[in-house]
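# Observations on the three-dimensional arrangement
Now for the letters of each chain:
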Amino acid sequence: MQNTIYCGPDKLNLIMGSASSTGVFVDDFRQVPLPEGAMINGIITSVDIMTDFLETIANEYHLQGGATGENRLLKNPTRVIVQASNIVTKIMEVPPSDEAQIRDFIKREFTQYEDLSETADATLYDYTVLNQIGPNGGVEILAASCGRDMIEDYRRAFDQATYNIESIGIAAESLIKLVSLLPSLTGQSYMLVQIEPHRQTNTLFCSGTFKISNGYRLIGDAGTVGWTTEIGQNLASTLQFVRAQRGQAQLSGAYFSGVSPQVFETLRADYSYLNINKELLNLASIVTVSPKITPERYFDPGTLLFNLGALVKRS
């Protein structure tokens, strides 16, 4: 079993589970409101507050389990998912290379207009392979860069709370891994519309490959007419941008997660003029849950996409 933890705009999402090449098993989950002063927009603003919060979650989990034996939440390897505006991503094509050389390509790409003396030690770089290109083994990658201090704050908070941190990754990578398990989306061009109470993320896949991800802040209260209107307008804005790009494939649909069936039906009716098929993202074919997750606990996989994807191993 592994833990995956993602801190959204207003809550911490936790899944304990495992994954295979065809699906994800969820053994347990938690969704806990974040404390005031701990984070802003995915960036930890107080390591001490965050550490205390993580310790409280671990202790409460252990007590709910009878407090016998080891605390599984602390023992399991933990993958942390980060989404913040200061994480920069770019799709790149790189020649056949080893990992060290690819990281060097990424660093040169991101720092070509910067003073390397100031950024060399302050920035971290990573990548995810998207596609093989051509017969010579070159690859298309999603490259990412972010401040070392931001990642170190995450690591410090989890280390001080004695979690067993295995990796810290970005949200886009988790989505890429999750949708790769859905046969119905293989090779398709579509928009994934992911809703959190105060954030909307529209992610474009073309011919099955990740292309762009746009984030929007949602100001209204979740479930209200104004909030629903914001979601529709943000979808319209992203579609307008996509359709203005020459050579983009025709989208087969927009798949929504994190909204109730009632909100979804309102969006489908009010924004029919966008001329795109709209569906709720259906994860039933790839997500199974433990019997301990009863219907009364209201497990909605659509609100935990990053956590589910983080369980899937990098190919």
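The coordinates are above.
Each chain carries its own residue numbering, running from 1 in the direction its sequence is written. Totals for whole chains, interfaces and linings use all residues, but because this is a predicted model, local features are given only for residues with pLDDT of at least 70 and pairs of side-chain atoms are given and counted only at 80 or more. Each side-chain value is derived from all of the structure's non-hydrogen atoms; neither hydrogens nor water enter the calculation.

## What to know about the sheet that holds strand β9 (residues 138-147)
The criterion, for reference: A pair of strands counts as paired when DSSP detects no fewer than two bridges linking them. Here a strand is any run of E in DSSP of at least two residues, a helix any run of H or I of at least four, and the numbering for each starts at the N terminus. The axes used here are C-alpha line fits, helices contributing only the stretch in contact, and every angle between their N-to-C directions lies in the interval 0 to 180 degrees.
Read from one edge of the open sheet, three strands run β7-β9-β8, paired in antiparallel fashion. Each having just a single partner strand, β7 (88-94) and β8 (123-133) make up the two edges of the open sheet. Direction aside, the axes of adjacent strands within the sheet are offset by 25° on average. Here β7 pairs with β9 via seven bridges, running antiparallel.

## Brief notes about the pattern of salt bridges
To keep it simple, the criterion reads: Here, a salt bridge means any side-chain nitrogen of Lys or Arg that lies within 4 Å of a carboxyl oxygen of Asp or Glu. Throughout, exposure labels follow a simple rule: accessible area from a 1.4 Å probe, protein chains only, divided by the maximum for the residue type, with under 20% read as buried, over 50% as exposed, and the rest as partly exposed.
Taken as a whole and judged by the stated rule, the model has 14 salt bridges. One salt bridge connects D27 with R72, and the closest N-O pair in it is separated by 2.9 Å. Note that D27 is positioned in strand β3 (residues 24-33) and R72 in helix α2 (residues 72-75), a separation of 45 residues in sequence. Classification of D27 by relative accessible area gives buried; the value is 10%. In this structure, the salt-bridge partner of K90 is E109, at a minimum N-O distance of 2.2 Å. Residue K90 is found in strand β7, and its partner E109 is found in helix α3 (residues 99-111); the two are separated by 19 residues along the sequence.

## Considerations on the packing of aromatic side chains
We apply this condition: Stacked, tilted and edge-to-face are the three classes assigned to paired rings of Phe, Tyr and Trp, where Trp is represented by its six-membered ring and a pair needs centres within 6.5 Å; plane angles under 30 degrees give stacked, over 60 edge-to-face, the rest tilted.
For the structure shown, the criterion picks out nine aromatic pairs. Judged by centre distance (5.0 Å) and plane angle (15°), the rings of Y190 and F205 are stacked. On the criterion of sequence distance, the pair formed by Y190 in strand β11 (residues 190-196) and F205 in strand β12 (residues 199-206) is long-range, its members being 15 residues apart. Taken as a pair, Y190 and F205 share a single burial class, namely buried. For the pair F205 and F210, a centre-to-centre distance of 6.0 Å together with 80° between the ring planes defines the contact as edge-to-face. One aromatic cluster is present, built from ring pairs that chain together Y190, F205, F210 and Y255.

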